[in-house]
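Observations on chain architecture
For reference, the chains in residue letters:
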Amino acid sequence: RFSIASRVRLPPMSKSSFGRFEQKSTFTFSVPKYSYSSGVEETIKELEEKNPNAFERSIELQNLGIFEAQHGQLSSSKEYFEESLRLRIETVGENDVNTALAKKNLAMAIVQLGEIERAEELFTQAMEIHSTNESDDAPEERALD
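Computed from a predicted model, the values in this text were never measured in an experiment.

1. Some remarks on the packing of helix α1 (residues 40-50) against helix α2 (residues 54-70)
For the pair α1 and α2, interaxial distance at closest approach is 10 Å and the crossing angle is 150°. By the angle between their axes, α1 is roughly antiparallel relative to α2. For the element pair α1 and α2, the recorded crossing hand is right-handed. Of α2, the residues touching α1 (which contributes Thr43, Ile44, Leu47 and Glu48) are Arg57, Glu60, Leu61 and Leu64. The residue makeup of the contact of α1 with α2, split by class, is four nonpolar, one polar and three charged.

2. A few points about the pattern of salt bridges
Pairs can form between side chains of opposite charge whenever their charged atoms are close. Overall, the coordinates contain seven salt bridges when judged by the stated rule. Here lysine 50 makes a salt bridge to glutamate 46, at a shortest N to O gap of 3.0 Å. Placement of both lysine 50 and glutamate 46 in helix α1 is noted, with a separation of four residues, approximately one turn of the helix. Residues joined by salt bridges that share partners form a network here, namely Lys78, Glu82, Glu115 and Arg118.

3. Section: the side chain of asparagine 105
Positionally, asparagine 105 belongs in helix α4 (residues 97-112). Not counting the four nearest positions on each side in its chain, asparagine 105 is found in contact with Gln62 and Phe81.

4. Considerations on the confidence of the model for the protein
With 66% of its residues at a pLDDT of 70 or more, the protein shows a mean pLDDT of 77. The spread of mean pLDDT over the elements of the protein runs between strand β1 (residues 2-10), the lowest at 41, and helix α3 (residues 74-92), the highest at 95. Contacts for the low-pLDDT stretch residues 1-30, under 50 throughout, to residues beyond four places or in other chains number 69 contacts. Here residues 140-145 scores under 50 on pLDDT; set against residues more than four positions off or in separate chains, the count is five contacts.

5. Considerations on helix α5 (residues 116-134)
Look at α5: 27 Å from first C-alpha to last across 19 residues, which is about the 27 Å you get at 1.5 Å a residue. Every buried residue of α5 is accounted for by Ala119, Leu122, Phe123, Ala126, Ile129 and Asn133. Seen along its axis, α5 keeps its buried residues to an arc of 125°; they face one direction. Opposite the buried face of α5, by more than 90 degrees, sit the exposed residues Glu117 and Glu120.

Cut-off values and rules
Residues numbered from 1 in each chain as written. Predicted model: local features only at pLDDT ≥ 70, side-chain atom pairs only at ≥ 80, totals over all residues. Heavy atoms only, no water. Axes fitted to C-alpha atoms, helices over the stretch in contact; angles between N-to-C directions. Helix = DSSP H or I, 4+ residues; strand = E, 2+ residues; numbered from the N terminus. Parallel < 35°, antiparallel > 145°, perpendicular 65-115°, else oblique. Left-handed = near helix turned anticlockwise from the far one by under 90°. Contact = heavy atoms within 4.5 Å. Nonpolar A, V, L, I, M, F, W, Y, C, P; charged D, E, K, R; others polar. Salt bridge = Lys/Arg side-chain N within 4 Å of Asp/Glu carboxyl O. pLDDT = per-residue confidence, 0-100. Expected span 1.5 Å × (residues − 1). Buried < 20%, exposed > 50% of the residue type's maximum accessible area, 1.4 Å probe, protein only. Arc of directions from axis to C-beta.

Here it is, written out as C-alpha cells:
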C-alpha cells in the first residue's frame, strides 16, 4: 500500500470563437492522500466507506483523475472521471454545470486514449450545459432559493 499527496495545477479551458478549447489561466488545488491497494476499484470502495456524501466523493474522484492523468496513468484517470461523472449525474442531474465539468474532464482523458468521437460528444454536451446555464441565475443565487 502507498499513499499520494500532491498539488496539481490545472488549466481551465474555454471554447474560443473558432471552436477550439484554449487555456485562460491556471489554479492550484490539493489532492488528498488516498491509499492504493489493488487499484481504482478498491480506491473507489475506500472512498465510499470514508465519505457517504456522493457529491463530495465525485469531487475527490475528479481530483484523483486529474492526478492520474498528469502522471500518465490515462486508463485509471478515465475510470476515476467516469465514476465522478456517474455520481454527478446521480446527485445534481444531467444539466448542472458540475456535471458539465465532469464531462469535460472525462473528455480530456479519453481523447488522449484515442476515443475521439466520444470525447467530442462529451465536450459538446458540456458546452451545451454551460450555454444553457449562462442565461440562468448564478449558481450561488440558485443555491439560496
